[in-house]
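Architecture and fold: a report
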Amino acid sequence: MTKDSIEASNAHSHGGKYHSHGASTSSHAHDRIRGSNKVSKLFTSVSDAVLHPSKHHLSLGSLLHKSGTREPAPGDDLNDWGMTVDDEAEHVELFKQVLAEEPEVEAKRDTALSDERKLLRFLKARNFDIDKAREMYVKHLRWRKEYEVDDILFKTFPERESILELMPQGYHMSDKEGRPIYIQYVGAIKVHKVMAICTEETVLKLFIQEYEKFVHYKLPACSQAAGRYIEQSLNILDVNGLSLSVLTKETQRCLKKLTQITQDNYPEMMGKMIIINAPYIFKVFFSIVKPMLSSRTQSKIEVYGSKYLDKLLNYARIDCLPEDLGGTSRFTIFDDIGPWSNLTPEITSKKELDMYDSMQMSKWPRNSRDNDTEAYCSASGSSGTVDQKPSLVEWMSKLENDFEKSVVFRGMDMGDFS
């Protein structure tokens, strides 16, 4: 992947897509970004390009550059595309303006554009190509509506425990970077037995539910424990026992659908994948899945045979790995142990979830650095199970008390905040 890949799609080729919005698009956009002269100037150029494509042969990336995006200076903190935080901010702002007139976004305006870190992940997934990212994000919103994802955390699947036993996967503590560790025992998957107790749709929805728990519960807890924003996981895939009998057409179809859901709807959330106990037959299995992975995702994957423990210890402490992987933790993936065991409140409704998500977005804004830490961030992890989690109200009350204590400790008067 080269840093030149930030070049976005040509405005001339997309003129037909946005022409129907006419001057209204430009007018609404200027109202929303009036407070920033730089971004307003940028959007004027982009609006002119998409509304009058015959006059322009510049890409959106070129427009960003010409509108004032400076060349990186020595010492700048650059992402994998050679972009600074300010560069990312301009792309996100432009992305929000382009998305704003989409019907799917209009229907969910309160939430569809509020999570700027999520929008940035979709931009990264399409190498900052605005139009491709727009298409991906709109499809994502349609998918969430089709699968009723907004409410899936509060649904009950009676087959859950049986399915997870036949498709063993789960989270277990966090790695040295504070990321949750996801472990999947691929060689132990028995899709044919799963299909005997439920439908494929149930499997997919349960998978989506687990991913939503990762996004809304596990990542915020890991961020709080680490004292910085965490948005990715360390994935360990144990392929011990993988054989041709596992790779049935039914299994292949199911795994492809699960992979597609991850790629299309949860982009840029895997920090590293380590595949262990890989036999020769794994090459056959991997050849099935690999074409569905982006080149950027493929670059994050490491494959090892039976001598893998030293490699895992580069990323995770030995006491954070279960015993069956060579670690010393007495817990397993079925215990679901990690910072979220202690730090995530009990959330029982969509309204509470929206409130909790809003607090997290305020706590970790998109332009904050990784080492930014709120005064009330706890560094506590998890060493065991929790009998009962606090309600969201109790959790917020404790958060407020912890914050007041930290302020008093630093010799500040709480009256300064009133």
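See the structure above.
Each residue is numbered by its place in its chain's sequence as written, counting from 1. It should be noted that, the model being predicted, local features are given only for residues of pLDDT at least 70 and side-chain atom pairs only at 80 or more, the latter also being counted only at that level, while totals for whole chains, interfaces and linings use all residues. To obtain the side-chain values, all non-hydrogen atoms of the structure were used and water was disregarded.

If you want to describe how two helices pack, look at the angle between their axes and the distance between the axes. The interhelical angle for the contact between helix α5 (residues 85-100) and helix α8 (residues 116-125), taken along N-to-C directions, is 95°, at an axis separation of 10 Å. Comparing their axes, α8 and α5 come out roughly perpendicular. Only E116, L119, L120, F122, L123 and K124 of α8 make contact with α5, whose side of the interface consists of E88, H91, V92, F95, K96 and L99. Classes in brief: Ala, Val, Leu, Ile, Met, Phe, Trp, Tyr, Cys and Pro nonpolar; Asp, Glu, Lys and Arg charged; the others, Gly included, polar. Broken down by class, the residue content of the contact of α5 with α8 amounts to seven nonpolar, one polar and four charged. The axes are straight lines fitted to the C-alpha atoms, using for helices just the contacting stretch, and the angles between their N-to-C directions are given from 0 to 180°. Think of it this way: any DSSP run of H or I at least four residues long counts as a helix, any run of E at least two long counts as a strand, and we number them from the N terminus. Just so you know how the angles are binned, under 35 degrees is roughly parallel, over 145 roughly antiparallel, 65 to 115 roughly perpendicular, and the rest oblique. By the convention used here, residues are in contact when the closest approach between their heavy atoms is within 4.5 Å.

On to α5. Between the first and last C-alpha of α5 there are 22 Å, a value that for 16 residues agrees with the 22 Å anticipated at 1.5 Å per step. Type-normalised accessible area, obtained with a 1.4 Å probe on protein chains alone, sets the label of each residue: buried when under 20%, exposed when over 50%, and partly exposed for intermediate values. When you tally the buried positions in α5, you get 13 out of 16 residues, the bulk of the element. Take the number of residues in a helix, subtract one, and multiply by 1.5 Å to get its expected span.

The next thing to look at is the pairing of strand β1 (residues 169-174). The buried count for β1 comes to six of six residues, which makes it a mostly enclosed element. Taken together, the four bridges between β1 and strand β2 (residues 180-185) define a ladder with antiparallel strand orientation. Across the sheet, residue Y171 finds its bridge partner in β2, namely Y182. Only strands joined by at least two bridges in the DSSP assignment are considered to pair. Connecting the antiparallel pair β1 and β2 is a turn made up of five residues, with G178 showing a positive phi of about 90°.

Moving on, we get to the pattern of salt bridges. Salt-bridge detection follows one rule: a side-chain nitrogen of Lys or Arg within 4 Å of a carboxyl oxygen of Asp or Glu. Evaluated as defined, the whole model comprises 23 salt bridges. Across the pair K108 and D150 runs a salt bridge, and its minimum N-O distance is 2.6 Å. Of this pair, K108 sits in the loop between α6 (103-106) and α7 (109-112) while D150 sits in the loop between α9 (130-146) and α10 (160-166), placing them 42 residues apart in sequence. Residue K108 is classed as partly exposed on the basis of its relative accessible area, which comes to 27%. Three or more residues are tied together by salt bridges with common partners; here these are K108, R144, D150 and E212.

Moving on: the pairing of strand β4 (residues 270-276). Of all seven residues that make up β4, seven are buried, and the element is covered over most of its length. Alignment of strand β3 (residues 233-238) against β4, held across six bridges, turns out to be parallel. By the bridge assignment for β4, L237 is matched with I275. Where β4 lies against strand β5 (residues 301-303), three bridges are found, and the strand directions are parallel. Its bridge partner being in β5, I275 is matched across the sheet by V303.

Any functional reading would require information that these geometric values do not contain.
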